[in-house]
Amino acid sequence: MSSMESVIKGLSWGAANSTSMPELGNVLSARIGRLVPHDGYLLLGFDPVTGASCLIARQHFFTPRTRHRLEIDLSHAGPGDPLFTMFRRRIHVLGSGLTDERFSTHLHDTMASEGFGSQLCLTLTHRGSTRGGLILLRERGSRPFSGVEAELASHLAEPLGVALRTFVSAKPPRGALPAAQPGVVIIGGDNTVKAMTPAAKEMLADLLHDLAITDDELPNTLLNITLFARRPGGQAVSRIPASFGWLVLSGQAIDSTSTSDVAITVQTAGADLLSAISAWYGITPRETAVIERLLEGLPAKHIARHLDLSTYTVNDHLKAIYRKIGVTSREELTATLTHTRVPS
């Protein structure tokens, strides 16, 4: 088995056996390091429906203040700006001398001030869709990322995208959290938290603990959905598969300005989880239609009539759905997607 094959196999194993995002990040980083050694990393997964960030793991990365500024800069970057290329093409290397970097403020100011000298950004894909991003860093004084290493990393774009999907789909969705009162966070025009309800504070505290993130990083955790909410016509929704259950963050700008206050609703996931579950777990459009009717309480024969299928075909779809999601009955499936209890 080649080194590349061994690493890809290790990515798959690590994704299937990790129980949290910090664990997943560290396992994948260790595997990647066999091909492309690095000193720090940031791993991101995107909501497969909206593209908003929903998974994050990092180690020895930029400070919270720098990450906060960097994400804002990324949201404003345009063609010609080195930041524009970070997750807008398959791979981008900075600090290697492979491209003209004389005027890169990110390289010479941001990275240098944090003690880093080289950066490799990789867009993670699955079946042609962007599923996440990976940033690898090397400290100043270390050998910069080379063209050969960039080529090696590019071969990991699809396996890493698959690894993110495997991490989420390797276990049944933890959707049986008791339905909690939605909470609200108000983010000001300066992208800091202006106000937060007790319910939001409690749910976000659980999320930060799950991600091994400190309280002072809360503005960073909410920044992506904040920036999405300010985009014209954007879907500012992120469904987050935490180890304790799914959370949904929904952002809405108060007005149409680029510095508008944003109201973010934080709640446990319900029926709004279906589209994300279908994408993560490989549920087909026809199977999704069956689930939608099932959630309406229809029996199999009525579902068959609505979808112009035979009852046998509907039951075959249900068996496939149960297998993919990891449940054993329609009651368990309904409980997973609506937070109701399975009858004993």
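Scroll up for the structure.
Quantities reported herein were computed from a predicted structural model and do not represent experimental measurements. (Residues numbered from 1 in each chain as written. Predicted model: local features only at pLDDT ≥ 70, side-chain atom pairs only at ≥ 80, totals over all residues. Heavy atoms only, no water.)

Considering helix H13 (residues 330-338)
Here's step 1: Those residues of H13 not exposed but buried are Leu333, Ala335, Thr336 and Leu337.
Here's step 2: Of the surrounding secondary structure, the elements contacted by the buried residues of H13 are helix H9 (274-281), helix H10 (285-295) and helix H12 (311-325). (Buried < 20%, exposed > 50% of the residue type's maximum accessible area, 1.4 Å probe, protein only. Helix = DSSP H or I, 4+ residues; strand = E, 2+ residues; numbered from the N terminus. Contact = heavy atoms within 4.5 Å.)

Things to note about H10
Here's step 1: Those residues of H10 lying buried are Glu287, Thr288, Ala289, Val290, Ile291 and Leu294.
Here's step 2: Where H10 is buried, its residues meet H9, helix H11 (300-307), H12 and H13.
Here's step 3: The positive-phi residue at the C-terminal boundary of H10 is Gly297, with phi of around 90 degrees.

A few points about the packing of helix H2 (residues 21-32) against helix H6 (residues 157-169)
Two measures define how a pair of helices packs: the angle their axes make with one another and the distance between the axes.
Here's step 1: Following both chains from N to C, one finds H2 and H6 inclined at 150 degrees, their axes separated by 12 Å at the closest point. Judged by the inter-axis angle, H2 sits roughly antiparallel to H6. Between H2 and H6 lies a crossing of right-handed hand. Residues Met21, Leu24, Leu28 and Ile32 of H2 lie in contact with H6, whose contacting residues are Leu160, Ala163, Leu164 and Phe167.
Here's step 2: Residue composition of the contact of H2 with H6, grouped by class: 8 nonpolar, no polar and no charged. (Axes fitted to C-alpha atoms, helices over the stretch in contact; angles between N-to-C directions. Parallel < 35°, antiparallel > 145°, perpendicular 65-115°, else oblique. Left-handed = near helix turned anticlockwise from the far one by under 90°. Nonpolar A, V, L, I, M, F, W, Y, C, P; charged D, E, K, R; others polar.)

Comments concerning the sheet that holds strand E2 (residues 53-59)
Strand pairs in the sheet, formed through backbone hydrogen bonds, run parallel or antiparallel to each other.
Here's step 1: Strand order in the open sheet formed by 5 strands is E2-E1-E5-E4-E3, with antiparallel pairing between adjacent strands. Pairing within the sheet leaves two strands with one partner each, and these edge strands are E2 and strand E3 (91-94). Going from strand to strand, the sheet's axes swing by 10 degrees on average, the running direction of each strand aside.
Here's step 2: The pairing of strand E1 (residues 40-46) with strand E5 (residues 129-139) spans 6 bridges and is antiparallel. (Pairing = 2+ DSSP bridges.)

Quick word on the packing of aromatic side chains
Here's step 1: In this structure the tally under the stated criterion is 2 aromatic pairs.
Here's step 2: One aromatic cluster in this structure is built from Phe61, Phe62 and Phe116.
Here's step 3: Above the plane of the ring of Trp280 lies Arg131, whose end atom (NZ or CZ) is 5.8 Å from the centre.
Here's step 4: Its end group placed over the ring of Phe228, Arg231 keeps NZ or CZ at 4.2 Å from the ring centre. (Phe/Tyr/Trp six-rings, centres within 6.5 Å; stacked < 30°, edge-to-face > 60°. Lys NZ or Arg CZ within 6 Å of the ring centre and 35° of its normal.)

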